[in-house]
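Residue strings, one per chain:
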Amino acid sequence: MVIMEIFPNPTVRQVIFQITFPNLFYLEGRIGSIQQKIMNEFPKSELIYRKRLLLANIGPELKIDPKDAENVPASKIWQFESRNKTKLSITTNSLDMTSEFHKTYNLGEEEGKKFRHAIENAVGAFIEIAELPIINRIGLRYIDFCPLPKRNNKTLKKYYNSKFPLNKFEIADAETMAFQTIVKKGQYNLGYMETLKQVDGEDKIILDFDGSATDIKASEYLATTDKLHDLISEAFAETIRDPVYDHMRRSPEG
């Protein structure tokens, strides 16, 4: 079941979108046009240089000359930031967008609050100007910091359909606990991670959903992202129970 409700007190902390594609050796010559196209939404910009790691097979009698490592060229990252602090990073073979502002994917009346709207504007402009025909991988990731009022198995079972081995361990005795898996969902992959952790002095269940698809036509990126969102929304709905819905429906001050 896809969740069709906007919550006043959502648990989502961060949402990330990424595409990877074959190296575009001509991209640097088009970055200015891309920047001009997205400048109203992403007015801040900077160019970052990141040193690539030098990988080599090292035997007992082989060494890497430090000069060789120094000569490895740095890759360029063109980074843009919106007024709501959403960050957009572009390299010659990837684009990613990270937001702590967006709490809804495509619900509500305000376009500026929808993560899908931000994706469509920025990625649509990129694909158009870069003339990108294919995408190697699309990823959509949601990280939620969810409540756990009491650290015991009874409360955890009341709030969540947890994947922890609760028949073997009592979470009251655990400093931390985590479960992680990647499963096939038809033609897509879904990564699921559940972690028990203290955040700012409070116990939290951190739910991390990472949906992905591979070998996509660039023209189908948005429809594919919609399907990944629905997959994640269904997995989230299957994991949380009524007390978590009650928590999200309360006002943040309540």
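These notes cover the structure that comes with them. It should be emphasised that the depicted structure is a prediction, and the values quoted were computed from it without experimental measurement.

### Structural notes on helix α1 (residues 31–38)
All of the buried residues along α1 are I31, I34 and I38. Burial along α1 is one-sided: seen end-on, the buried residues are contained in an arc of 60°.

### Overview of the pattern of salt bridges
Counting across every chain of the model gives 13 salt bridges. Residues E110 and K113 are paired through a salt bridge, measuring 3.4 Å at the closest nitrogen-oxygen approach. Between R116 and D226 there is a salt bridge; the shortest N-O distance is 2.8 Å. With R116 in helix α3 (residues 115–130) and D226 in helix α5 (residues 221–239), this residue pair connects regions lying 110 residues apart in the sequence. When its relative accessible area of 18% is taken as the criterion, R116 is described as buried.

### A word on the packing of α3 against α5
Where α3 meets α5, the closest approach of the two axes is 11 Å, and the angle between their N-to-C directions is 150°. Here α5 runs roughly antiparallel to α3, going by the angle between their axes. Crossing geometry of α3 relative to α5 is assigned as right-handed. Between α3, through R116, I119, E120, V123, G124 and I127, and α5, the contact on the second element is made entirely by Y221, L222, T225 and D226. Among the residues making up the contact of α3 with α5, the classes are represented as five nonpolar, two polar and three charged.

### Focus: the nonpolar core
Note that soluble globular proteins tend to have their nonpolar side chains buried in a common cluster. If you look at the biggest cluster of nonpolar residues, it comprises 67 residues, and the most contacted ones within it are I90 and F126. Sequence-distant contacts of F126, that is, excluding residues within four places in its chain, are made with F21, L24, L27, I34, I90, L95, E131 and L132.

### Focus: the packing of aromatic side chains
Applying the stated criterion across every chain yields a total of six aromatic pairs. When the centroid spacing of 6.2 Å and the interplanar angle of 50° are considered together, the rings of F7 and Y245 count as tilted. Of this pair, F7 sits in the segment before β1 (12–20) while Y245 sits in helix α6 (residues 242–249), placing them 238 residues apart in sequence. According to the relative accessible area criterion, Y245 is buried, its value standing at 11%. Look at Y192 and F209: their rings are 5.4 Å apart centre to centre, the planes differ by 65°, and that puts the pair in the edge-to-face class.

Scoring rules and cut-offs
- Residue positions within a chain follow its written sequence, with the count starting from 1.
- In view of the model being predicted, local features appear only for residues whose pLDDT reaches at least 70, and side-chain atom pairs are presented and counted only at 80 or more, with totals across whole chains, interfaces and linings using the full set of residues.
- Computation of side-chain values: all heavy atoms of the structure, hydrogens and water removed.
- The cut-offs for exposure are 20% and 50% of the maximum accessible area for each residue type, with area from a 1.4 Å probe on protein chains only; residues under the lower value are buried, those over the upper are exposed, and the others partly exposed.
- In DSSP terms, a helix is any run of H or I states spanning at least four residues, a strand is any run of E spanning at least two, and both are numbered starting from the N terminus.
- The directions considered for the arc are those from the helix axis to the C-beta atoms.
- Put simply, a salt bridge is a Lys or Arg side-chain nitrogen that is within 4 Å of an Asp or Glu carboxyl oxygen.
- To obtain an axis, a line is fitted to C-alpha atoms, over the contacting stretch when the element is a helix, and the angle between two such axes runs from 0 to 180 degrees between their N-to-C directions.
- Oblique is the label for any angle not covered by the other classes, which are roughly parallel (under 35 degrees), roughly antiparallel (over 145) and roughly perpendicular (65 to 115).
- Crossings are assigned a handedness: left-handed for a near helix turned anticlockwise from the far helix by less than a right angle, right-handed for a clockwise turn.
- In what follows, a contact means two residues having at least one pair of non-hydrogen atoms within 4.5 Å.
- Side-chain classes are defined by residue name, with Ala, Val, Leu, Ile, Met, Phe, Trp, Tyr, Cys and Pro counting as nonpolar, Asp, Glu, Lys and Arg as charged, and the others, Gly among them, as polar.
- Think of a nonpolar core as a cluster: buried Ala, Val, Leu, Ile, Met, Phe, Trp, Tyr and Cys residues, connected wherever their side-chain atoms sit within 4.5 Å.
- Only centres within 6.5 Å qualify two rings of Phe, Tyr or Trp (six-membered ring in Trp) as a pair; their planes then separate them into stacked at under 30 degrees, edge-to-face at over 60, and tilted for everything else.

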